[in-house]
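# Per-entry structural report
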Amino acid sequence: MCTKNLPYFLSGVVVKGFGRGSKALGIPTANLEDEVVNNLPNDLKTGIYYGWACLDDQVYKMVASIGWNPFYKNEKKTVEVHLLYKFENDFYGKRIKVIFVDYIRPEKDFTSEEELMRAIHNDIAVAEEQLQQSNMLAYKDNKFFTE
């Protein structure tokens, strides 16, 4: 596990991404603005993380991808946060605060979209389970979300 930089706190504005999360995969993501991505610590590993995110004064469980999404051959590094809650509307332009509490796995390329989907669903299951632990639940009430 990669825990040297964790927990890691960030805040940024949600921007339009590539449109793959919702449309192709059925897993919408809140993509963070380039400024946030460009200011990530150089030693923060790319890969899949889980933790908590605050949007409109509500805190939600989340899974996030930091990196280049090798399956899609991205040329630009991104931070994409998937809130474990079904929203009716998008929230482009809103500020989101995120606490990355732990690391699930490194980025990897997949041989098919189905293999990618299985990995994403597994990541979500890991996050759901881990965030129920008392040491992880404590982050839900972190003062970072109310400052």
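Before reading further, recall that the structure is shown in the block above.
Residues numbered from 1 in each chain as written. Predicted model: local features only at pLDDT ≥ 70, side-chain atom pairs only at ≥ 80, totals over all residues. Heavy atoms only, no water.

## Things to note about the pattern of salt bridges
Under the counting rule described, the total for this entry stands at four salt bridges. With its nearest N and O atoms 3.1 Å apart, the salt bridge here joins Asp34 to Lys76. One end of the pair, Asp34, is in helix 2 (residues 34-38); the other, Lys76, is in the loop between strand 4 (58-67) and strand 5 (78-83), and 42 residues separate them in sequence. Assessed through its relative accessible area of 42%, Lys76 is described here as partly exposed. Two residues, Asp56 and Lys94, come together in a salt bridge whose shortest N-O distance is 2.7 Å. Placement of the pair is Asp56 in the loop between strand 3 (47-55) and strand 4 and Lys94 in the loop between strand 5 and strand 6 (95-105), with a sequence separation of 38 residues. (Salt bridge = Lys/Arg side-chain N within 4 Å of Asp/Glu carboxyl O. Helix = DSSP H or I, 4+ residues; strand = E, 2+ residues; numbered from the N terminus. Buried < 20%, exposed > 50% of the residue type's maximum accessible area, 1.4 Å probe, protein only.)

## Let's talk about unusual backbone geometry
Residue Pro7 follows Leu6 across a cis peptide bond; omega there is 0°. Position of Pro7 among the secondary structure elements: in the segment before strand 1 (8-15). A positive phi angle, near 50°, is found at Asp56, a position not held by glycine. Of note in this structure, Asp57 is not a glycine but carries a positive phi near 65°. Here Asp57 shows up in the loop between strand 3 and strand 4. A relative accessible area of 70% places Asp57 in the exposed class.

## Examining the sheet that holds strand 6
Overall, antiparallel pairing links the six strands, which are arranged 1-2-5-4-3-6 in a closed barrel. The average angle at which neighbouring strand axes cross in this sheet is 40°, direction not considered. As paired elements, strand 3 and strand 6 share eight bridges and run antiparallel to each other. Following the sheet pairing, Ile48 is matched in strand 6 by Arg105. (Pairing = 2+ DSSP bridges. Axes fitted to C-alpha atoms, helices over the stretch in contact; angles between N-to-C directions.)

## Section: the pairing of strand 1
Walk down a regular strand and you will see the side chains alternate between the two sheet faces. Pairing between strand 1 and strand 6: six bridges, direction antiparallel. The residue bridging Gly12 from the neighbouring strand is Ile96, located in strand 6.

## So, the nonpolar core
Counting 25 residues, the largest nonpolar core has Val81, Leu83, Ile96 and Phe100 as its most contacted members. Elements with a contribution of two residues or more to this core: strand 1, strand 2 (30-32), helix 2, strand 3, strand 4, strand 5 and strand 6. Excluding residues that lie within four positions of it along the chain, Phe100 makes contacts with Leu6, Pro7, Tyr8, Leu10, Tyr49, Tyr50, Met62, Ala64, Ile66 and Val79. Ile27, Ile48, Trp52 and Leu131 belong to the second-largest nonpolar core, a separate cluster that totals 21 residues. (Core = buried A, V, L, I, M, F, W, Y, C linked by side-chain atoms within 4.5 Å. Contact = heavy atoms within 4.5 Å.)

Function cannot be inferred from these measures alone, as they are strictly geometric.
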